[in-house]
Amino acid sequence: MPGGDRALRAVTALEKKWIALNSGAERPEPFAYVATPASLPPYSPDNSFDVIIAGGSLGLIAGVALAKRGLRVMLFDRDRVGAAHREWNISERELSSLQRWGIFTNDDLASTIATRYKRGLIAFHAEGTGVPYCPLTTNGVLDVALDAQSVLDLARERFLQAGGTILEGHSFKKLHLSRSTPSSHKGVRSVIELDGHGGTTTYAARLVIDTMGSVSPIAMGLNDGLPFDGVCPTAGTILEGLEGDKEAGDVLVSVASMQDERQLIWEGFPGRAGETTVYLFYYDRTGIKQAQKQSLLALFEQYFTLLPTYRPLQPGVRHLKPVFGYIPARHGRTGRTAAGGLICLGDSAAGQSPLTFCGFGSFVRHIGRVSHLLNYALNHDLLDEKHLLTISPHQANLRVAWVFSRFMQPQLGDAFSVNRLMNIFAGALDEIGPDTTTRFLQDRYTFGEYMRIMLTTARLHPGVVPFTAHVLGVRGLIAWAGDIAYFAGDTALHRVLQVLGPLRWRRLERVARRVSPALALHLISLRTAWQALN
């Protein structure tokens, strides 16, 4: 492949880093807390900003959203800001939210679309499972293939046009955080140390946003280790000349039962003319024992060996570029995603679905409302952890989704468990209908839809109930019940908005702005979060 030697070194380095991160080895403390802003390290006035964003991939989109609101924003990365490392698929609905919130125009977005496909496929191998094969055709699920580099090039251009500052070749060293708020309005809350070509330099900010990814030192510092407990090791390539239906994409597909104690799953999405992006991955947990077996190099070996079992390879097929990574998610309650003057977004917050792992879609779905809320918080000096947690883009319906990802991990002694359960589950979704199926796969399902899916699955196959108890265990069942209760409570509160109506709710927000800006922030956050899922 072009640049294959460089990619091989990157895969090897990432694999070694992944094992080290899971080993619990001692790592530098990313934070230094001081009592007051006056005790922060010195910095040049020219190096002071409203917002500093760590990470130059998805962070660029956040930077555009905030800089367009008139905020002084600086973004840094250890490499080039705006370098794409993998391709992105998204739904049309999620993509359009970038236009609705004024981050990009329709013409901007049109220039980044590689292709659209008409339908998606979810299909799990049924041989040996004892249940019927039940493929599902989807609509509006990851059906827009974006040219990731085009998206980031556009974001970089718009960020600079909006007055943003870019700092390349600078690595995070330490973040100094004040435990108390500044005495003056719009005062500095934190100072960040960056290592660059000229040594260590300090930069000041009212708010720091971490978008450095799933193994960000900031996110790990907040959570005393990995900020997630589930992972999908992923390997694949962008291919040219691969045969297949160019109007269809494979969302989740298996072609065999368990292999090497894993259920391998394929994804395949059409790209630019003649190109297809194919991924091979599996669901697993974190931890040193697991990490030592989660070799990306070994997964690439399986990918190249097994690719013909997924798609026939015709003469002339070429691999253009590797795609790889450890994609994170949480198998339980949310971890810590904020501190005073600091918030994590994107993979650093691990807020996407543990089933579909649509991190890019989750980020895009919320970045408009998040930037709006962060602007409000900055204008009202609501930068304590409790306020920023209100803004963090976590959905109540994703609190229950970790159960599905547990079912994607094969049970010992049963090579057919994943394929069996997924065909059963697909049968339930097929009976319920395409609208609910689409909302489920887009992470937009309601509490009523969730319960209907669960009860329909249990009615069609009562054996799922004891199987669920066996997989989750007592502690898992208790945790799941708590997450369902949380989801139900959020739904009940959402019902209040529906009864009052948007106009009355907004009147409450206006009253709260005069009486308690913090309460107003909470009310606006609730409304915009629900609207993002409608």
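Higher on the page you've got the structure.
Residues numbered from 1 in each chain as written. Predicted model: local features only at pLDDT ≥ 70, side-chain atom pairs only at ≥ 80, totals over all residues. Heavy atoms only, no water.

## Regarding the overall build of the chain
In terms of regular secondary structure, the chain is built from 17 helices and 20 strands. Here the chain has a C-alpha radius of gyration of 23 Å; the compact-globule value for 534 residues is 24 Å, and the two agree. With the C-alpha coordinates aligned to their principal axes, the bounding extent of the chain is approximately 70 × 60 × 50 Å. A buried classification covers 57% of the 534 residues belonging to the chain. Expressed as a percentage of contacts within the chain between residues at least 6 apart in sequence, the contacts between residues at least 24 apart total 76%. Entry remark: accessible area of the chain is about 21,900 Å², with carbon and sulfur atoms responsible for 54%. The chain carries 55 positive and 48 negative side-chain charges, and their two centres are separated by 7 Å. (Helix = DSSP H or I, 4+ residues; strand = E, 2+ residues; numbered from the N terminus. Rg over C-alpha atoms; globule rule 2.2 N^0.38 Å. Buried < 20%, exposed > 50% of the residue type's maximum accessible area, 1.4 Å probe, protein only. Contact = heavy atoms within 4.5 Å. Areas by Shrake-Rupley, 256 points an atom, 1.4 Å probe, with all protein chains shown as cover. Lys, Arg positive; Asp, Glu negative; His and termini not counted. Charge placed at Lys NZ, Arg CZ, Asp CG, Glu CD.)

## Thoughts on the packing of helix 12 (residues 417-432) against helix 14 (residues 447-460)
Packed helix pairs are specified by the crossing angle of their axes together with the interaxial distance, meaning the distance between the axes. At a minimum axis distance of 9 Å, the contact between helix 12 and helix 14 shows a crossing angle of 115°. Crossing hand, helix 12 versus helix 14: right-handed. Facing helix 12, whose interface residues are I424, F425, G427, A428, L429, E431 and I432, helix 14 presents R452, I453, M454, T456, T457, R459 and L460. (Axes fitted to C-alpha atoms, helices over the stretch in contact; angles between N-to-C directions. Left-handed = near helix turned anticlockwise from the far one by under 90°.)

## Points about the packing of aromatic side chains
Within the structure shown, the criterion is met by 22 aromatic pairs. Residues W266 and Y303 carry aromatic rings whose centres are separated by 5.8 Å and whose planes lie at 40° to one another, so their mutual orientation is tilted. Here W266, found in strand 15 (residues 265-270), pairs with Y303, found in helix 8 (residues 296-310); they are 37 residues apart in sequence, far enough to count as distant. Residue class for W266 comes out buried when judged on its relative accessible area of 2%. (Phe/Tyr/Trp six-rings, centres within 6.5 Å; stacked < 30°, edge-to-face > 60°.)

## Examining the pattern of salt bridges
It is possible for side chains of opposite charge to pair when their charged atoms get near one another. According to the stated counting rule, one finds 20 salt bridges in the structure shown. For R158, the salt bridge goes to D108, with nearest N and O atoms at 2.6 Å. With R158 in helix 5 (residues 148-161) and D108 in helix 4 (residues 106-110), this residue pair connects regions lying 50 residues apart in the sequence. Side by side, R158 and D108 carry an identical accessibility label, which is buried. Its salt-bridge partner being R272, residue D147 comes within 3.1 Å of it at the nearest N-O pair. Pair noted here: D147 is in the loop between strand 8 (144-146) and helix 5 and R272 is in the loop between strand 15 and strand 16 (275-281), with a separation of 125 residues, a long-range link. R272 sits in the partly exposed class, given a relative accessible area of 33%. One connected set of salt bridges, linked through shared partners, spans E94, R365 and D443. (Salt bridge = Lys/Arg side-chain N within 4 Å of Asp/Glu carboxyl O.)

## A few points about the nonpolar core
In this structure, I61, L98, F104, I209, L374 and I391 are the most contacted members of the largest nonpolar core, which totals 60 residues. Per-element accounting of this core gives the leading share, 10 residues, to helix 9 (residues 359-379). Excluding its chain neighbours within four sequence positions, the residues that come into contact with L98 are I61, I103, F104, L109, V364 and I367. One finds V141, W402, V403 and I453 within the second-largest nonpolar core, a separate group that totals 49 residues. (Core = buried A, V, L, I, M, F, W, Y, C linked by side-chain atoms within 4.5 Å.)

## Digging into helix 1 (residues 4-22)
Given a rise of 1.5 Å per residue, 19 residues ought to cover 27 Å, and the 27 Å separating the end C-alpha atoms of helix 1 matches this to within 8%. Within helix 1, the full set of buried residues consists of A7, V11, E15, W18, L21 and N22. The buried residues of helix 1 all sit within an arc of 130° when viewed along its axis, so they share a single face. Exposed positions of helix 1 whose direction lies more than 90 degrees from the buried face are D5, R6, R9 and K16. Against helix 6 (217-223), strand 13 (230-240), helix 7 (288-291), helix 8 and strand 18 (318-329) lie the buried residues of helix 1. Two residues or fewer past helix 1, G24 is found with a positive phi of approximately 75°. (Expected span 1.5 Å × (residues − 1). Arc of directions from axis to C-beta.)

## Side note on the pairing of strand 3 (residues 73-77)
In terms of residue burial, strand 3 counts as a mostly covered element, since five of its five residues are buried. Alternating positions in strand 3 separate into two faces, V73, L75 and D77 on one and M74 and F76 on the other, with burial throughout. Pairing of strand 2 (residues 48-54) with strand 3, which is carried by four bridges, proceeds in the parallel orientation. Note that in strand 3 the partner of I52 across the bridge is M74. A crossover links strand 2 with its parallel partner strand 3, the connecting element being helix 2 (residues 58-67), and its sense is right-handed. Here four bridges tie strand 3 to strand 9 (residues 165-168), and the two strands are oriented parallel to one another. (Pairing = 2+ DSSP bridges. Right-handed = clockwise from strand over helix to strand, strands pointing away.)

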